[in-house]
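Summary of the model geometry
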Amino acid sequence: MNAHSPFPQEDSPKASSIVNGLSVDVEDWFQVGAFENVIERADWDGLATRIENNVAGILDLFAEADVKATFFTLGWVAKRYPAMIRRIADAGHEIASHGYDHARVFSFDRKSFGEDIRLAREILEDRSGQRVSGYRAPSFSIDRRTPWAFMELAEQGYAYSSSVAPITHDHYGWPDAPRFAFRPLPWSELVDIPVTTAMLGGRRVAAGGGGFFRVLPYGFSRWAIRQVNRRDERPAVFYFHPWEIDPQQPRVENAPIRSRLRHYTGLEKMAGKLRDLVHEFNWGRMDALAHREAKRAVDLILPEPDVEPAQ
Ligand SMILES: [Zn+2]
């Protein structure tokens, strides 16, 4: 029993002693990939922001559970809310990069990608007072089409990336990528820490957050993270967004029904599920996890790129 805690403590230890990676992708409700075809970037400045309140709620939740996490933050957001970035950093969390304005990696060439991550990092380091060493691609958009992205990250001195979803998904995914830490380049120590998948009936299923966490009962995530910790004996990597704890956010009525279902289902229960999650397992920052996982990282052997037939 912790004599200082007003909350009853369980005698049993957490579900596993493994420290998992907890991450927040810091973007507002209008910046998500699901709405990118109906909301122009040029209109972002005119929209009602919700991010400061939502991040404040997340910081309270993390403080209550005494966990530290990584906030993969858009440069666009950090530029406009410097006090919020300072608050996150001052609470002991890691500030890492989510690119400048949520353009997916495969929408860039190497040069423009390099400029995007350089700009985002400059703003994030300036506002947080921290050195930024981690990167998460918007919508997990590093895949077989963009091998140069890892080269650029390595050359700019990043220690890790958490930018790959090793599954099949309609918006993203690199189904044959490793499920756990891998070193994408033979000449660099850079590691990628993919978002968590579990094995169900011989197939990989997404189990690291996003819509799946909101739509499925919490018991699914508990089962999946336990499987990863106990059977694979590896840390899980979980992510969510500030808008996911905000049932009052404005509704985007002209978005496709599929996008609206994906975005708005389960918002009311999200905060409660997150509370269960952060209390049930051990969590920590991604930079520390990447450092530990680097020792176990496998080398990625990229097959020859497919040759696209001329159109
Ligand atoms: Zn994002």
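Look up: the structure comes first, before these words.
Right, let's walk through the structure included here.

How each quantity is defined
Residues numbered from 1 in each chain as written. Predicted model: local features only at pLDDT ≥ 70, side-chain atom pairs only at ≥ 80, totals over all residues. Heavy atoms only, no water. Helix = DSSP H or I, 4+ residues; strand = E, 2+ residues; numbered from the N terminus. Buried < 20%, exposed > 50% of the residue type's maximum accessible area, 1.4 Å probe, protein only. Donors = N, O, S within 2.8 Å, 3.2 Å for Na, K, Ca; no water. Phe/Tyr/Trp six-rings, centres within 6.5 Å; stacked < 30°, edge-to-face > 60°. Salt bridge = Lys/Arg side-chain N within 4 Å of Asp/Glu carboxyl O.

1. Comments concerning unusual backbone geometry
For Asp66, which is not glycine, the phi dihedral falls at a positive 55°. Tracing the chain through its elements places Asp66 in the loop between α1 (51-65) and β2 (70-73). By relative accessible area, Asp66 is classed as exposed at 63%. Positive phi is not limited to glycine here, since Phe140 has a value of about 45°. Relative to the assigned elements, Phe140 resides in the loop between β4 (134-135) and α5 (147-155).

2. Focus on the coordination of the zinc ion
Bound to the zinc ion on the protein side are Glu27 (OE), His98 (NE2) and His102 (NE2), at distances that span 2.1 Å. Along the chain, the residues donating to the zinc ion are arranged with the sequence spacing E-x70-H-x3-H.

3. Considerations on the packing of aromatic side chains
Across all of its chains, the model carries 21 aromatic pairs by this definition. Taking the centre distance of 5.3 Å and the plane angle of 90° together, the rings of Trp44 and Trp76 count as edge-to-face. One end of the pair, Trp44, is in the loop between β1 (19-26) and α1; the other, Trp76, is in helix α2 (residues 75-80), and 32 residues separate them in sequence. Trp76 shares its class with Trp44; the two are buried.

4. Describing the pattern of salt bridges
Here the structure, examined in full by the defined rule, presents 20 salt bridges. Between Arg179 and Asp232 there is a salt bridge, with its nearest N and O atoms 3.3 Å apart. With Arg179 in the loop between β5 (160-161) and β6 (182-183) and Asp232 in the loop between α7 (218-230) and β10 (237-240), this residue pair connects regions lying 53 residues apart in the sequence. For Asp232, a relative accessible area of 24% corresponds to the partly exposed category. The partner of Arg226 in a salt bridge is Glu280, and the shortest N-O contact between them spans 3.2 Å. With Arg226 in helix α7 and Glu280 in helix α9 (residues 267-280), this pair connects stretches of sequence that are 54 residues apart. Under the relative-accessibility criterion, Arg226 is labelled partly exposed at 30%. The exposure class assigned to Glu280 is buried, which follows from its relative accessible area of 17%. Here the salt bridges do not stand alone but share partners, grouping Arg110, Glu152 and Glu155 into one network.

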